[in-house]
Amino acid sequence: MGSVLAPVVPTPTGADPLDVLGVPDLVNLDYAATAPCARVAADAVAELLPWYGSVHRGAGGLSQRSTLAYERARQTIGDFLGTRPDDEVIFTRNTTDALNLLARAVPAGTSVVTFGGEHHANLLPWPNVVRLPVPATPDAAVRALGEALGELRRGSDRSAPILVAVTGASNVTGECWPTEALATVAHRHGARIAVDAAQLAPHLPVDLAASGIDYVAISGHKLYAPFGTGVLAGRADWLDAAPPYLVGGGATLGVGNATHDVRWATGPGRHEAGTPNLLGAVALAAVCAALDAADRGELYAREQRLLARLRDGLRALPHVVELRTFGADAPRVGIVSFVVAGRDSAEVATELGRRYAIGLRDGLFCAHPLARRLLTEAADRSGRGDLPPTALRASIGLGSTPAHVDRLLDALAELR
Ligand code: PLP
């Protein structure tokens with residue numbers, strides 16, 4: 001029998017732990033929606049399954065092992081995100097859940113400042129929100145935030161809480177937002193900043209301690225782990241003072257007989273009532289550990305080469321127009337949205353799936369205000385009056401190859 005204290009992250013078997021699973025002949029260019037599962041995540045789940053037991057709720061060996069695995073996963077993911085010693089790492093279902101949790105945890109009266117370029121998950125949950133227009137450049141974003149915070153501070157006292165909520169990388173364009181500069185501006189005005197890293201973390205390191213970012217939200221299913229696990233990490237004080245996000249077993253220190261006689265826990269347990277998703281947490285931690293051990297600079301460089309191949313190829317197709325917020329050369333991760341002039345995007349996506357076995361996304365990508373704006377801008381820039389009202393999005397990651405990119409480019413050339 002293995003030891004209860006045995007490591008839960010499997011030792012490498014020779015295969016690259018960051019290989020991803022998939023189905024041969026189906027070209028997956030939809031990583032931004034849900035990335036394929038990494039081998040290391042599947043191995044971690046398979047290794048833990050025989051030990052599967054209740055988490056935080058039992059004295060037996062299985063339960064101890066499962067509890068240990070869960071808490072180790074928390075630690076590993078916290079390390080991956082560069083958390084500070086007094087940060088909390090709370091397991092959620094996904095980024096949407098994490099941002100909703102934070103939205104409920106901000107102190108009463110908090111003003112939230114965000115931009116119109118956000119995914120709905122970072123646009124809709126906030127109370128008291130000031131939505132700034134989508135800026136034309138990363139520098140303009142920093143300037144606009146400084147001005148907005150200056151104005152808010154003139155109307156409030158220095159201690160009134162303000163939270164800036166911004167994406168790390170756009171799910172529509174892949175463009176990276178200047179989160180460190182935004183954090184500096186936020187802190188200069190006594191505000192905090194939360195970064196929606198759903199699209200950033202799979203491609204680039206996120207480091208709370210080094211960047212000064214106060215909160216970060218991620219989704220496991222975009223980070224090569226299975227569905228059902230997300231994380232909110234960041235400053236403990238607001239989280240510990242907030243009402244529990246989920247109410248029930250595990251969130252309490254004690255419950256008396258009187259209706260309201262409840263002592264709520266502090267720490268992650270306060271917001272994690274109910275039996276947690278152990279396998280999801282362990283799978284995500286295994287990916288985080290593997291990414292931490294990998295040469296992320298090299299992974300990024302490889303992805304950038306593929307992205308350049310994709311964007312160059314799209315640019316060479318006269319009937320294709322790319323969507324973008326910032327300049328063509330702004331830093332971005334492996335996501336490109338575009339339209340095929342004169343063709344309905346849903347029809348193109350269906351045809352790519354049926355005739356070419358290519359999976360990508362069409363629509364407005366749960367970022368309706370941004371996507372609509374970029375479609376208008378693309379029509380103006382290209383001078384074409386026949387652009388469709390929705391777009392296509394191709395996104396790449398660890399398992400993507402030049403052959404995948406070329407298959408899309410060839411198909412689009414044919415579809416004309
Ligand atoms: N934020 C961004 C930037 C996203 O791209 C997404 C999903 O596409 C989300 C948040 C929401 O992620 P989830 O659906 O995993 O909650």
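Calculation notes
- Residues numbered from 1 in each chain as written.
- Predicted model: local features only at pLDDT ≥ 70, side-chain atom pairs only at ≥ 80, totals over all residues.
- Heavy atoms only, no water.
- Helix = DSSP H or I, 4+ residues; strand = E, 2+ residues; numbered from the N terminus.
- Contact = heavy atoms within 4.5 Å.
- Axes fitted to C-alpha atoms, helices over the stretch in contact; angles between N-to-C directions.
- Parallel < 35°, antiparallel > 145°, perpendicular 65-115°, else oblique.
- Left-handed = near helix turned anticlockwise from the far one by under 90°.
- Domains from an automatic or database assignment.
- Buried area = accessible area lost by both parts, 1.4 Å probe.
- Salt bridge = Lys/Arg side-chain N within 4 Å of Asp/Glu carboxyl O.
- Polar contact = N/O pair within 3.5 Å; in protein donor to acceptor, adjacent residues only side chain to side chain.
- Nonpolar A, V, L, I, M, F, W, Y, C, P; charged D, E, K, R; others polar.
- Buried < 20%, exposed > 50% of the residue type's maximum accessible area, 1.4 Å probe, protein only.

1. Let's talk about the environment of Leu-204
So, point 1. Turning to its location among the elements, Leu-204 is positioned in the loop between β6 (192–196) and α6 (208–211).
So, point 2. A C-alpha to C-alpha distance of 11 Å links Leu-204 and Gly-397, two positions 193 residues apart in sequence.
So, point 3. The contact partners of Leu-204, leaving out residues within four places of it in the chain, are Cys-176, Arg-296, Tyr-300 and Val-333.

2. Considering the packing of helix α1 (residues 39–48) against helix α8 (residues 278–293)
So, point 1. The interhelical angle for the contact between α1 and α8, taken along N-to-C directions, is 135 degrees, at an axis separation of 8 Å. Between α1 and α8, the crossing angle belongs to the class labelled oblique. Note that α1 runs across α8; the crossing there is right-handed. Along the contact surface, α1 presents Val-40, Ala-41, Ala-44, Val-45 and Leu-48, while α8 presents Leu-278, Leu-279, Val-282, Ala-283, Ala-286, Val-287 and Ala-290.

3. Re the domain arrangement of the protein chain
So, point 1. By domain assignment, the protein chain separates into domain 1 (46–293) and domain 2 (296–415).
So, point 2. In this structure, domain 1 and domain 2 have C-alpha centres spaced 29 Å apart.
So, point 3. Counting residues at the interface gives 30 residues for domain 1 and 28 residues for domain 2.
So, point 4. Buried surface at the junction of domain 1 and domain 2, both sides included, amounts to about 2500 Å², of which 61% is carbon and sulfur.
So, point 5. It is Val-172, Glu-175 and His-203 in domain 1 that bury the most area against domain 2; as a group they hold 27% of the surface buried on that side.
So, point 6. Across the domain 1-domain 2 interface, the total number found is one salt bridge.
So, point 7. Close ionic contact of Arg-332 with Glu-175 constitutes a salt bridge, the shortest N to O distance being 3.8 Å.
So, point 8. Taken together, the connections running from domain 1 to domain 2 amount to twelve residue pairs in polar contact (both at pLDDT 80 or more).
So, point 9. Residue composition of the side of domain 1 that touches domain 2, grouped by class: 16 nonpolar, eleven polar and three charged.

4. Observations regarding the pattern of salt bridges
So, point 1. This model, assessed by the stated rule, comprises 20 salt bridges.
So, point 2. Note that Arg-311 is salt-bridged to Glu-322, the shortest N-O span being 2.7 Å. One end of the pair, Arg-311, is in helix α9 (residues 296–315); the other, Glu-322, is in strand β11 (residues 320–322), with eleven residues separating them in the sequence. Accessibility classification places Arg-311 together with Glu-322 in one group, the buried group.
So, point 3. Salt-bridge contacts for Asp-312 lead to Arg-315; the nearest nitrogen and oxygen are separated by 3.1 Å. With a gap of three residues between them, Asp-312 and Arg-315 both fall in helix α9, about one helical turn apart.
So, point 4. Its relative accessible area of 44% is what places Asp-312 among the partly exposed residues.
So, point 5. A relative accessible area of 56% means that Arg-315 is categorised as exposed.
So, point 6. Connected through salt bridges with shared partners, the residues Glu-175, Arg-311, Glu-322, Arg-324 and Arg-332 form a single ionic network.

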